[in-house]
Amino acid sequence: EECRERWGHYVCDGRRPISEIAAEFPDFDFSEVRHNEDVFYTEDREDSDHCRERSMQFLEWLNSRPEKCIAVVTHSSFLRHLFGQFGDSLNQQDKDKLQRLAGNCELRSVVLCSHGNKEGSVIKSLEPPRGPASTIRVPSVHNLAALG
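Residues numbered from 1 in each chain as written. Predicted model: local features only at pLDDT ≥ 70, side-chain atom pairs only at ≥ 80, totals over all residues. Heavy atoms only, no water.

1. Topic: the confidence of the model for the protein
Turning to step 1, where the next piece is worked out: In the predicted model, the protein carries a mean pLDDT of 81, and 76% of its residues have values of at least 70.
Turning to step 2, where the next piece is worked out: Per-element mean pLDDT across the protein ranges from 53 in helix α5 (residues 144-147) up to 94 in helix α1 (residues 18-24). (pLDDT = per-residue confidence, 0-100. Helix = DSSP H or I, 4+ residues; strand = E, 2+ residues; numbered from the N terminus.)

2. Looking at the pattern of salt bridges
Turning to step 1, where the next piece is worked out: Counted according to the given criterion, the structure contains 13 salt bridges.
Turning to step 2, where the next piece is worked out: A salt bridge links E1 to R4; its shortest N-O distance comes to 2.9 Å.
Turning to step 3, where the next piece is worked out: In this structure E1 comes out as partly exposed when scored by relative accessible area, which is 22%.
Turning to step 4, where the next piece is worked out: The shortest N-O distance in the salt bridge between R65 and E32 comes to 3.1 Å. With R65 in the loop between α2 (48-64) and α3 (76-83) and E32 in the loop between α1 and α2, this pair connects stretches of sequence that are 33 residues apart.
Turning to step 5, where the next piece is worked out: Classification of R65 by relative accessible area gives partly exposed; the value is 26%.
Turning to step 6, where the next piece is worked out: Taken together, the shared-partner salt bridges in this structure form one network comprising E1, R4, R15 and D38. (Salt bridge = Lys/Arg side-chain N within 4 Å of Asp/Glu carboxyl O. Buried < 20%, exposed > 50% of the residue type's maximum accessible area, 1.4 Å probe, protein only.)

3. Looking at the nonpolar core
Turning to step 1, where the next piece is worked out: In this structure, C3, C51, F58, L59, L62, F78, L79, L82, F83 and A102 together form the largest nonpolar core, which totals ten residues.
Turning to step 2, where the next piece is worked out: Elements with a minimum of two residues in this core: α2 and α3. (Core = buried A, V, L, I, M, F, W, Y, C linked by side-chain atoms within 4.5 Å.)

4. Some words on the side chain of S77
Turning to step 1, where the next piece is worked out: Considering the arrangement of structural elements, one finds S77 in helix α3.
Turning to step 2, where the next piece is worked out: A distance of 3.5 Å separates polar atoms of two side chains, one belonging to S77 and the other to E5.
Turning to step 3, where the next piece is worked out: If near-sequence neighbours (up to four positions away) are discounted, S77 is found in contact with E5 and R6. (Polar contact = N/O pair within 3.5 Å; in protein donor to acceptor, adjacent residues only side chain to side chain. Contact = heavy atoms within 4.5 Å.)

5. Here we look at the environment of R16
Turning to step 1, where the next piece is worked out: When you line up the elements, R16 lands in the segment before α1.
Turning to step 2, where the next piece is worked out: For the pair R16 and N36, spaced 20 residues apart in the sequence, the C-alpha separation amounts to 8.5 Å.
Turning to step 3, where the next piece is worked out: At a separation of 2.6 Å, a polar atom in the side chain of R16 contacts the side chain of E24.

6. Regarding α3
Turning to step 1, where the next piece is worked out: Of all eight residues in α3, six are buried, a share of seventy percent or more.
Turning to step 2, where the next piece is worked out: Considered for burial, the residues of α3 that qualify are S77, F78, L79, H81, L82 and F83.
Turning to step 3, where the next piece is worked out: Against the buried residues of α3 lie α2 and α4 (92-99).

Here it is, written out as structure tokens:
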């Protein structure tokens, strides 16, 4: 959940229940997704500060993984909030390359240099936002035929 698109306000930024998605992708491991329902989606748009904080939580989680090569699939807005926090010490051309908006279906390779977990701190789990959950429900594409 940490590297998903900014949530809220736009229906396209919500997700279906994991149980539905897992049925379509039986070889994918969803065990680290804590909530079946999309408990993070609200009527209000996630603010930029929270998205930046969430992107750092994602980097901490990524840093804790034992794998050396990991594919991350995410959205341009998330990447903009993540990479916008880095590059102050780079020359302007390199900073522009790092922080530019990702194109649709773009493949970008990034090498992360890990210096370990900050002071051995525990990685916080992402918690759903406070306030009422969204009442918008979008049926799965696979269920639209049943609607007539």
